[in-house]
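Coordinates in review
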Amino acid sequence: MEDLLLTWFAEHGRDLPWRRTRDPYAILVSEVMLQQTQVDRVVPRYLDWLDRWPTVGSLAEASTAEVIRAWQGLGYNRRGLNLHRAARAVAARGWPDDLTELPGVGPYTAAAIECFALGRDVLPVDTNVGRVQERTGISFSPRAAQALMDLGATICLARVPRCGSCPLAVRCPSRGRTYEPQRKQSRFEGSFRQRRARTLRLVAENSRPVAELDGEAVEALRRDELVRVAGGLVSLPD
């Protein structure tokens, strides 16, 4: 079944810029950006990011304020902060044997860097990979990682899989099944997340008095170390 998948991938695989490199830093950037953000939105931001900070050392030398400003629009801004901290850790001490020691790097992200950059025999299991493996009952090898991701993202969808277009359908025990909708993320419009994002965007433009801003959002951002408050003025960290 894995050979069928790889044959399909050779013809239908997505041409994504992070698939053209084995630089662990570039893979780290892509994986952090892809957390909670759609691929189409990530591609131009990934390219801009690497154009501005092409190496882990160049990112490490950037100020925190520069990084937060560059992350605007990607959402979940603490990801950018952790990426910056990870770059500083690598620049200071090198890549650790256990990549989960880096800020913001969990087991999946570590496995993705190991597989796609370092050539280690480990399969990174994200939502798409896990779904395909569960439905087929097959444990695929690391060489099928990107193919599994694409199949899960484009064919083996969460609710109504496109079994008629699936290269594995003939042997798949779940062929023709549909699934209950999973819990959706709460709406962004009108949410506290939106209030936080709006407040951070204003502070990224210029330091502002606390009295001019959403106090609850400022406090939440301060706890996440995305802003600092001193003398009644809210600004980005240095």
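I will try to describe carefully the structure that is included in this document.

1. A word on the packing of helix H7 (residues 107–116) against helix H9 (residues 145–154)
- Put simply, H7 and H9 touch, their axes get as near as 11 Å, and they point 125° apart. As far as their axial angle goes, H9 and H7 are oblique. Judged by residue contacts, Tyr108, Cys115 and Phe116 of H7 engage Ala145, Gln146 and Met149 from H9.
- The class makeup of the residues in the contact of H7 with H9 is five nonpolar, one polar and no charged.

2. Digging into the packing of aromatic side chains
- In the structure shown here, the tally under the stated rule is three aromatic pairs.
- Seen from their ring centres, tryptophan 18 and tyrosine 46 are 5.2 Å apart, and the 80° between their planes marks the pair as edge-to-face. One end of the pair, tryptophan 18, is in the loop between helix H1 (2–12) and helix H2 (24–34); the other, tyrosine 46, is in helix H3 (residues 39–52), and 28 residues separate them in sequence.
- For tyrosine 46, a relative accessible area of 3% translates into the label buried.

3. Considerations on the nonpolar core
- Leu5, Trp49 and Leu151 are the most contacted members of the largest nonpolar core, which has 54 residues in total.
- With seven residues, the top contributor of residues to this core is H2.
- Once residues within four sequence positions are removed from consideration, leucine 151 is found in contact with Leu5, Trp8, Val132, Cys156, Cys166, Pro167 and Leu168.
- In terms of nonpolar packing, the next biggest core, distinct from the first, is built from 13 residues, Ala65, Val203, Ala204 and Leu226 among them.

4. Quick notes on the sheet that holds strand E3 (residues 233–235)
- Spatially, E1-E3-E2 is the arrangement adopted by the three strands of the open sheet, whose pairing is antiparallel. Two strands close off the open sheet at either side, each with one partner strand: strand E1 (208–209) and strand E2 (228–230).
- Pairing of E1 with E3 involves two bridges; the strand directions are antiparallel. Looking at E3, one finds that proline 209 is bridged to leucine 233.

5. Notes on H9
- Among the 10 residues that make up H9, seven are buried, leaving the element largely enclosed by the rest of the structure.
- Ala145, Ala147, Leu148, Met149, Asp150, Leu151 and Gly152 are the residues of H9 that are buried.
- On the buried face of H9, the contacting elements are H1, H7 and helix H8 (127–136).

6. Comments concerning the pattern of salt bridges
- According to the stated counting rule, one finds 15 salt bridges in the structure shown.
- Across the pair arginine 143 and glutamate 2 runs a salt bridge, and its minimum N-O distance is 2.7 Å. In this pair, arginine 143 sits in the loop between H8 and H9 while glutamate 2 sits in helix H1, placing the two residues 141 residues apart along the sequence.
- Of the residues examined, arginine 143 reaches a relative accessible area of 54% and is grouped as exposed.
- Judged by its relative accessible area of 15%, glutamate 2 is buried.
- Where arginine 143 meets aspartate 3, a salt bridge forms, and the shortest distance between an N and an O atom there is 2.9 Å. Separated by 140 residues along the polypeptide, arginine 143 in the loop between H8 and H9 and aspartate 3 in helix H1 bring together distant segments of the chain.

7. Examining the packing of H2 against helix H6 (residues 78–93)
- Running from N to C, H2 and H6 point in directions that differ by 160°, and their axes come no closer than 10 Å. With respect to each other, H2 and H6 are oriented roughly antiparallel. For the element pair H2 and H6, the recorded crossing hand is right-handed. Contact residues: Leu28, Val29, Val32, Met33 and Leu34 in H2; Arg79, Leu83 and Ala86 in H6.
- Considering only residue class, the contact of H2 with H6 consists of seven nonpolar, no polar and one charged.

8. So, the side chain of serine 30
- Mapped onto the elements, serine 30 comes out in helix H2.
- We classify serine 30 as buried; its relative accessible area is 1%.
- In contact with serine 30, not counting residues within four places along its chain, are Trp18 and Tyr46.

9. Description of the side chain of arginine 135
- The topology assignment puts arginine 135 in helix H8.
- Excluding anything up to four places from it in sequence, arginine 135 contacts Cys156, Leu157, Ala158, Pro161, Cys172, Pro173, Ser174 and Tyr179.

The rules behind these values
Residues numbered from 1 in each chain as written. Predicted model: local features only at pLDDT ≥ 70, side-chain atom pairs only at ≥ 80, totals over all residues. Heavy atoms only, no water. Axes fitted to C-alpha atoms, helices over the stretch in contact; angles between N-to-C directions. Helix = DSSP H or I, 4+ residues; strand = E, 2+ residues; numbered from the N terminus. Parallel < 35°, antiparallel > 145°, perpendicular 65-115°, else oblique. Contact = heavy atoms within 4.5 Å. Nonpolar A, V, L, I, M, F, W, Y, C, P; charged D, E, K, R; others polar. Phe/Tyr/Trp six-rings, centres within 6.5 Å; stacked < 30°, edge-to-face > 60°. Buried < 20%, exposed > 50% of the residue type's maximum accessible area, 1.4 Å probe, protein only. Core = buried A, V, L, I, M, F, W, Y, C linked by side-chain atoms within 4.5 Å. Pairing = 2+ DSSP bridges. Salt bridge = Lys/Arg side-chain N within 4 Å of Asp/Glu carboxyl O. Left-handed = near helix turned anticlockwise from the far one by under 90°.

In short, the description is geometric, and any link to function would need to be established separately.
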